[in-house]
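# Reading the structure
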Amino acid sequence: MTAVGIDAVEVWTGNLKLDLPETFAPQMDEDPEKYTKGLGLQASSFPDSYEDIVTMGANAAHRLMDRKGLEPDDVGRIDVATESAFDNSKPVSTYVAGCLEEVFDGDFHHANKGERKFACIAGTQSLDDACNWIRAGRNRGRGALVIATDTALYARGDAGEATQGAGAVAMYIDEDPDLVELSVEQGYGSADETDFLKPNQQFPSVDGKRSVQVYLARMREALEDYESVAGDVHPDDVAYAPFHTPFPGMVRKAAMLAYRHITRDTAIEDELAAEIGRQPRPEGFDDDEAYHDALREYMDALKDTDQYREWYAETIDPTLSIAREVGNWYTGSVHVARLSALKHALENDEELAGQQLLVGSYGSGAQAELHAETVQEGWAEEIEALNVDEQLESRYDITFEEYEEIHDVHNHEMDVDIEACTTPDGEFVFDGWGRMGEREYRYVE
Ligand code: CAA
């Protein structure tokens, strides 16, 4: 079977940066270490007043098409995944295509366009749809543009305000990809949950603590389901495990559970037994409570072992470096985690071609999905071509007062107009409203 997967990727961060420990924490009367150590975050990226999900998505896609020398005729499908859409009918992908048609010759009239919604997992679902469209032979030699774009803002005062972010990831999905091939095997953990939702409202209603538990429960189900089709996962088989990262502290919790699961009944469990005992099994206990107490005790001990620390430092920590600086990009977040890992590998001269990534996506409401990806020969050249560091460094560092204004500018219930903090340069910008309430865009040279 022909390899299908991600040929190229580009990101576009919101042009503003909110420093969490320095600027945000003191105003919230909180210890900066809650951010740096607890949540694992340094900063959130924010959209300037002329940015939104369309500009960020179109800017990422523009960079990607330019760099890969792609023309509109090479694109047979444009899917946008977002949970920040502003229209219940007209999909964001049509706006993005309109933007791209301003700067490329030709048009996307023969590309199938859509919008995917299932909270943060929609980016991965769009990727999956694109791969299936190609595997089904319906692509006529063309590839698919998948764009995950979000302004992950919470209501002022909500606990989620600590984890905000804004940015887009654009991916080109094709046969014989340069970056990663996606496995056909995948596992799901899906249930009707009420942890995070936006019932026709811009900012989410969130049960934060519960959302953390739901993430872990669904991810565990997805891992079991994945293993039922792909066989048991062993730590030695996985170079990196990029997970959906609402904040790095969440992945720290998920990694712990995953490690316990994938080391059960392995030589690693035997090796650890001398130091911390064997993993508790339900059949060894009279009731659930005693079993769960024993599990907690085992996990506490496991966390401090050299084996776990080494695995975490090699397999998980490198996936979190960009998230630490940008916060949650919702649908783009797991794709940012993959990119962080590959960037780390490049910076450390790793020979990664042929190795496996275990990718864990999650969307509230709730669903987790796991699949494997095989890194392709062209990966290093692809990652080298990115300018993520320059983008992050050139963000404008906002004061708390500017943060308050920017949050209001992006609040759909408010009509606030402020001077932008930055000057657009070679990018699409929001240019006001059209006669039917549509949003208008233009390219600024
Ligand atoms: N030093 C070190 N650590 C500190 C600290 C300090 N001074 N102060 C607090 N901490 C630690 C806490 O112990 C805690 O860590 P643990 O959970 O490991 O104990 C962490 O920092 C966060 O502190 P709190 O729990 O007190 O923070 P909070 O009450 O403000 O809420 C939250 C945290 C629930 C995640 C909140 O930010 C939230 O609601 N976020 C939005 C929802 C979310 O992201 N959920 C994640 C799963 S759902 C999902 O993944 C989908 C999605 O993208 C939204």
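Reference entry: report on the structure contained in this document.

Conventions and cut-offs
- Residues numbered from 1 in each chain as written.
- Predicted model: local features only at pLDDT ≥ 70, side-chain atom pairs only at ≥ 80, totals over all residues.
- Heavy atoms only, no water.
- Pairing = 2+ DSSP bridges.
- Helix = DSSP H or I, 4+ residues; strand = E, 2+ residues; numbered from the N terminus.
- Contact = heavy atoms within 4.5 Å.
- Axes fitted to C-alpha atoms, helices over the stretch in contact; angles between N-to-C directions.
- Patch = residues over 30% accessible without salt bridge, like charges linked within 9 Å, V, L, I, M, F, W, Y side chains within 5 Å.
- Areas by Shrake-Rupley, 256 points an atom, 1.4 Å probe, with all protein chains shown as cover.
- Salt bridge = Lys/Arg side-chain N within 4 Å of Asp/Glu carboxyl O.
- Lys, Arg positive; Asp, Glu negative; His and termini not counted.
- Charge placed at Lys NZ, Arg CZ, Asp CG, Glu CD.
- Buried < 20%, exposed > 50% of the residue type's maximum accessible area, 1.4 Å probe, protein only.
- Parallel < 35°, antiparallel > 145°, perpendicular 65-115°, else oblique.
- Nonpolar A, V, L, I, M, F, W, Y, C, P; charged D, E, K, R; others polar.
- Near = heavy atom within 4 Å.
- Polar contact = N/O pair within 3.5 Å; in protein donor to acceptor, adjacent residues only side chain to side chain.
- Disulfide = S-S within 2.5 Å.
- Phe/Tyr/Trp six-rings, centres within 6.5 Å; stacked < 30°, edge-to-face > 60°.
- 1 Å grid on protein atoms, 1.4 Å probe; cavity = no way out; pocket = protein on both sides within 12 Å on 5 of 7 lines; lining within 4 Å.
- Points joined across faces, edges and corners; volume = space filled by probe spheres on them.

Another point: the sheet that holds strand β13 (residues 396–397). The strand order across the open sheet formed by three strands is β3-β2-β13, and the pairing between neighbours is mixed. The open sheet has two free edges, formed respectively by β3 (43–46) and β13, since each of these has just one partner strand. The pairing of strand β2 (residues 16–19) with β3 spans four bridges and is classified as antiparallel. Looking at β3, one finds that lysine 17 is bridged to serine 45. Strands β2 and β3 of the sheet are contacted by helix α1 (residues 20–27), whose axis makes an angle of about 60° with β2.

As a further point, take a negative patch on the surface. Together, Glu71, Asp73, Asp105 and Asp107 make up a region of like negative charge exposed at the surface. Tracing the backbone shows aspartate 73 in the loop between α3 (53–68) and β4 (75–81). Overall, aspartate 73 belongs to the exposed group, its relative accessible area being 64%.

If you walk across this open sheet you meet the eight strands as β5-β4-β6-β7-β1-β8-β12-β11, and the pairing is mixed. Taken across any chain shown, the strands that pair with only one partner, and hence form the sheet edges, are β5 (112–116) and β11 (356–363). The sheet shows a mean angle of 25° between the axes of neighbouring strands, taken without regard to direction. With nine bridges connecting them, strand β6 (residues 143–152) and strand β7 (residues 165–175) associate as antiparallel partners.

This next bit is on the packing of helix α7 (residues 248–263) against helix α9 (residues 288–303). The N-to-C vectors of α7 and α9 enclose an angle of 100°; their axes lie 11 Å apart at closest approach. By the angle class used here, α7 and α9 are roughly perpendicular. Residues Met256, Leu257, Tyr259 and Arg260 of α7 form the contact with α9, whose own contacting residues are Leu295, Tyr298, Met299, Leu302 and Lys303. Residues of the contact of α7 with α9, tallied by class, amount to seven nonpolar, no polar and two charged.

What follows is about the site of the ligand. Looking at the ligand, there are 26 residues lining it, with Lys34, Lys209, Ser211, Lys253 and Asn328 nearest. Between alanine 159 and the ligand, the recorded distance is 3.2 Å, taken from a backbone N or O atom to an oxygen atom. Residue lysine 253 places a side-chain N or O atom 2.6 Å away from an oxygen atom belonging to the ligand. Notes on the ligand: free accessible area 1,000 Å², of which the protein chains cover 73%. Those elements that place two or more of their residues in the shell around the ligand are α2 (32–39), α6 (208–230) and α7. Of the residues assigned to the shell around the ligand, the class counts are 12 nonpolar, eight polar and six charged.

Enumeration according to the criterion identifies zero disulfides in this entry. Left without a disulfide partner, cysteine 131 is nearest to the cysteine sulfur of cysteine 120, which lies 20 Å away. Its relative accessible area of 1% is what places cysteine 131 among the buried residues.

Within the structure shown, the criterion is met by 29 salt bridges. In the salt-bridge network here, residues are joined through shared partners; they are Asp7, Glu10, Arg63, Arg67, Lys68, Asp178 and Glu382.

With that settled, the discussion passes to the pairing of strand β8 (residues 180–190). As defined by bridge partners, strand β1 (residues 4–13) adjoins β8 across two bridges and the pair is classed as antiparallel. Bridging from a neighbouring strand, isoleucine 6 pairs with valine 180 of β8. Both β8 and strand β12 (residues 367–375) contribute to a ladder of eight bridges, which runs antiparallel. For glycine 187, the partnering residue across the bridge sits in β12 and is leucine 370.

All right, on to the packing of aromatic side chains then. Inspection of the entire model under this criterion finds 19 aromatic pairs. For the pair tyrosine 154 and phenylalanine 196, a centre-to-centre distance of 6.2 Å together with 80° between the ring planes defines the contact as edge-to-face. Here the residue tyrosine 154 occupies a position in the loop between β6 and β7, and phenylalanine 196 occupies one in strand β9 (residues 196–197), the gap between them amounting to 42 residues. Pair check on accessibility: tyrosine 154 and phenylalanine 196 agree, each one buried.

With the rule as written, the count across this model stands at four cavities of 30 Å³ or more. Space inside the largest cavity adds up to approximately 110 Å³. Taken together, Leu216, Met219, Arg220, Leu223, Phe243, Ala254, Leu257, Ala258, His261, Leu358 and Leu370 make up the lining of the largest cavity. Listed by contribution, the elements that provide at least two residues to the lining of the largest cavity are α6 and α7. Residues that form the lining of the largest cavity fall into these classes: nine nonpolar, one polar and one charged.

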